[in-house]
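Structure at a glance
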Amino acid sequence: MTGFSADWLALRESFDRAAREASAAAFDLVGLARRLRGDGATLGVLDLASGTGANLRELAPRLGGAQHWRLVDHDPRLLAALPGALAAWAAAQGFAVRTQGDRLRIEGPDWQADVEVVHLDLAHELTALPLAGVGLITASALLDLVSAAWLDQLLARACAAKAALLFALTVDGRVDWTPKRAADEAVLRLFEAHQRGDKGFGPALGGRAVEAVADRLRALGCELQRIASDWHIDARDGAQAQAMLAALIEGSAAAAREQDAGAAASVAAWSAERMQLLVRTRLRIGHADLLAVWP
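What you see as residue numbers is a count from 1 along each chain, following the sequence as written. Per-residue local features are limited, in this predicted model, to residues with pLDDT of at least 70; the limit for side-chain atom pairs, both in listing and counting, is 80 or more; totals at the level of whole chains, interfaces and linings are taken over all residues. No hydrogens and no water enter the side-chain calculation; it runs on all heavy atoms of the structure.

Considerations on the overall build of the protein chain
A count of helices and strands for the protein chain gives 10 helices and 10 strands. Radius of gyration means the value over C-alpha atoms here, while the globule rule gives 2.2 Å times the residue count to the 0.38 power. On C-alpha atoms alone, the protein chain measures out to a radius of gyration of 19 Å, which is about the 19 Å that the 2.2 N^0.38 rule sets for 295 residues. In terms of principal-axis extent, the alpha carbons of the protein chain reach across some 60 × 40 × 35 Å. With a 1.4 Å probe rolled over the protein chains alone, any residue whose accessible area is under 20% of its type maximum counts as buried; one over 50% counts as exposed, and the rest are partly exposed. Counting only residues that meet the buried cut, the protein chain has 51% of its 295 residues in that class. Considering only intrachain contacts with a sequence separation of at least 6, the fraction spanning at least 24 residues in the protein chain is 80%. All accessible areas in this document rest on Shrake-Rupley with a 1.4 Å probe, and a residue is counted as covered only by the protein chains that are shown. If you sum the accessible surface of the protein chain, you get close to 12800 Å²; carbon and sulfur atoms cover 52% of it. Only DSSP runs of H or I covering at least 4 residues are called helices, and only runs of E covering at least 2 are called strands; the numbering of each starts at the N terminus. In this description, contact between two residues means that some pair of their heavy atoms is separated by no more than 4.5 Å.

This is how it looks when you write it as C-alpha cells:
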C-alpha cells in the first residue's frame, strides 16, 4: 500500500475539511447514528486507512452521543503519531482527553469517543477487519487507491455486517487548472495512468472509483447519497494554499515521470511553468462523498 507522510496529511487536512462542508450540511449524521445504534448505547465506527485520525476529527462531533472508534492503518509511524494528533486537536477544541490503558477517550459537549488503534494491512488482511459491534464503516481518500476486486470484498463484508458506509473525498477524475497551459492535459493523462497502477490492492480504480462504488451500492439496494466535495485551492489565500499547490505540482510531475520516463523533459517544463505561475494559480480537483445505508 502506498504510504503517506504525516506532513502531507497535515497539509491537506484544512482543504479536506473545507471540501466536506457540503456533505456536512447534507448528511444527517445525528439521525444516522441514532438509527444505527438501535437499542444500543454506543455506535461502533471502523475507520479504514485512518492515518493520524482526520476522519474522526471530522465526524465524531457530528455523529454525537457515545461512540467507539477503531482506527485501522498499516503504517506504524502514522499510528504512533495518532494519539498526539488527536490530543492536540481535542485540546484546541476544548474537549477533554483521558487515557485508558492503550486507548483514548475524547469527551465533547454532547458526545464522547473511545478510540482504539488497530495495526492491519488492509491490502492483504481484509478478512481480519474487526467488525464486531460496528455500525458504520468509514474511510477518507481511500477508494481511488483500491481495485475493483478489493472493493467487492469490502462491500460484501459490510453487507454481511449490515454496517452503513461513509466514503469521503474520493477523487472523480476532474482537474481544472487556472490559468490553463497547453501541457496540462498531457500531464494529467500520465498522472491518471499512474493513478490506475497497483497501489498494493491490485489495479487501482483511480478516477473511476466514485462511479464504481456508487454502481455497486445501488445494485445492492442501498439508500445512497452522493455529494460533491471538491478541493478548491487558490494561491491568493496565502502561504498554506501555495504550499498545497506546490506539493500537487511536484506530486503530479513525479507521477507523470514515473509513468513515462520518455516524457521527463516535457513534464519538467510543465512543472517549471506551473511553479512560475503559482502565486496566481487556482486549482479545483473533483471529489465526492458517499453515504450508504442498507435497507
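Overview of the nonpolar core
To form a nonpolar core, buried Ala, Val, Leu, Ile, Met, Phe, Trp, Tyr and Cys residues must be joined to one another through side-chain atoms within 4.5 Å. Core analysis: the largest hydrophobic core is formed by 54 residues, its most contacted members being Leu56, Leu63, Trp69 and Ile106. Sort the elements by how many residues they give to this core and helix H9 (residues 239-259) lands first, with 8 residues. Setting aside residues no more than four positions away along its own chain, Leu63 makes contact with Leu29, Val30, Ala33, Arg37, Leu43, Val45, Trp69 and Leu136.

As for the packing of helix H7 (residues 184-195) against H9
Between N-to-C directions, angles span 0 to 180 degrees; the directions come from axes that are lines fitted to C-alpha atoms, helices contributing only their stretch in contact. Here H7 crosses H9 at 75°, and the two axes come no closer than 8 Å. With respect to their mutual orientation, H7 and H9 come out roughly perpendicular. Seen from H7, the contacting residues are Val187, Leu190, Phe191, Ala193 and His194; seen from H9, they are Ser252, Ala255, Ala256, Glu258 and Gln259. Charged means Asp, Glu, Lys or Arg here, nonpolar means Ala, Val, Leu, Ile, Met, Phe, Trp, Tyr, Cys or Pro, and polar covers whatever is left, Gly included. When its residues are assigned to classes, the contact of H7 with H9 shows 6 nonpolar, 3 polar and 1 charged. If an angle is under 35 degrees, it is roughly parallel; if it is over 145, roughly antiparallel; if it lies from 65 to 115, roughly perpendicular; otherwise it is oblique.

So, the packing of helix H6 (residues 148-161) against helix H8 (residues 209-219)
Contact geometry of H6 with H8 gives a least axis separation of 11 Å together with a crossing angle of 35°. H6 and H8 meet at a crossing whose hand is right-handed. Packed against H6, whose contacting residues are Ala148, Leu151, Asp152 and Leu155, the element H8 presents Ala212, Val213, Arg216 and Leu217 at the interface. Broken down by class, the residue content of the contact of H6 with H8 amounts to 6 nonpolar, no polar and 2 charged. Two helices cross in a left-handed way if the nearer one is turned anticlockwise from the farther one by less than a right angle. They cross in a right-handed way if the turn is clockwise.

Thoughts on the packing of aromatic side chains
Classification of ring pairs uses Phe, Tyr and Trp, with its six-membered ring standing for Trp, and accepts pairs whose centres are within 6.5 Å; under 30 degrees between planes counts as stacked, over 60 as edge-to-face, and the remaining range as tilted. Tallying each qualifying case throughout the model produces 6 aromatic pairs. Their ring planes at 75° and their centres at 6.4 Å tell us that Trp8 and Trp231 sit as a pair that is edge-to-face. Separated by 223 residues along the polypeptide, Trp8 in helix H1 (residues 6-19) and Trp231 in strand S9 (residues 231-234) bring together distant segments of the chain. Centre to centre, the rings of Trp177 and Trp270 are 5.8 Å apart; their planes meet at 80°, and the pair counts as edge-to-face. Placement of Trp177 in strand S7 (residues 164-178) and of Trp270 in helix H10 (residues 264-276) is noted, with a sequence separation of 93 residues between them. Assessed through its relative accessible area of 8%, Trp177 is described here as buried. Cluster of aromatic residues (ring-pair linked, three or more members): Trp89, Phe95 and Trp111. Geometrically, a lysine NZ or arginine CZ counts as sitting over a ring once it is within 6 Å of the ring centre and also within 35 degrees of the ring normal. Note that Lys162 overlies the ring of Trp294, its terminal NZ or CZ placed 5.5 Å from the centroid.

Observations regarding the state of the cysteines
When two cysteine sulfur atoms are found within 2.5 Å, that pair is recorded as a disulfide. According to the stated counting rule, one finds 0 disulfides in the structure shown. The thiol sulfur of Cys159 is not disulfide-bonded, and the nearest other cysteine sulfur, from Cys222, lies at 7.1 Å.

So, the environment of Ala54
Here Ala54 lies in helix H4 (residues 54-63). For Ala54, a relative accessible area of 28% gives the class partly exposed.

So, the environment of Gln67
Relative to the helices and strands, Gln67 is located in strand S2 (residues 65-73). Residue Gln67 is classed as buried on the basis of its relative accessible area of 1%. Once the C-alpha coordinates of Gln67 and Ala186 are considered, the two residues, 119 residues apart in sequence, prove to be 46 Å apart. Apart from the residues lying within four places of it in its own chain, the contact partners of Gln67 are Arg37, Thr42, Leu43, Ala60, Trp111, Gln112, Ala113 and Asp114.

Thoughts on the side chain of Asp234
Turning to its location among the elements, Asp234 is positioned in strand S9. A relative accessible area of 14% places Asp234 in the buried class. Within the local environment of Asp234, its side chain forms a polar contact with the side chain of Arg236, the two groups lying 2.7 Å apart. Counting of polar contacts relies on pairs of N or O atoms within 3.5 Å, with two restrictions inside protein: one atom must be capable of donating a hydrogen and the other of accepting it, and residues adjacent in sequence are counted only when both atoms are side-chain atoms.

A closer look at the pairing of strand S4 (residues 103-107)
Side-chain alternation along S4 places Leu104 and Ile106 on a buried face and Arg103, Arg105 and Glu107 on a face that remains uncovered. Pairs of strands are assigned from DSSP output, requiring at least two bridges between the strands. Pairing between strand S3 (residues 96-100) and S4: 5 bridges, direction antiparallel. Its bridge partner lying in S4, Gln100 is registered against Arg103. In this antiparallel pair of consecutive strands, S3 and S4, the connection spans 2 residues, and Gly101 shows a positive phi of 65°. The sheet contact formed by S4 and strand S5 (residues 111-119) spans 4 bridges and is antiparallel. Pairing of Ile106 across the sheet is with Ala113, part of S5.

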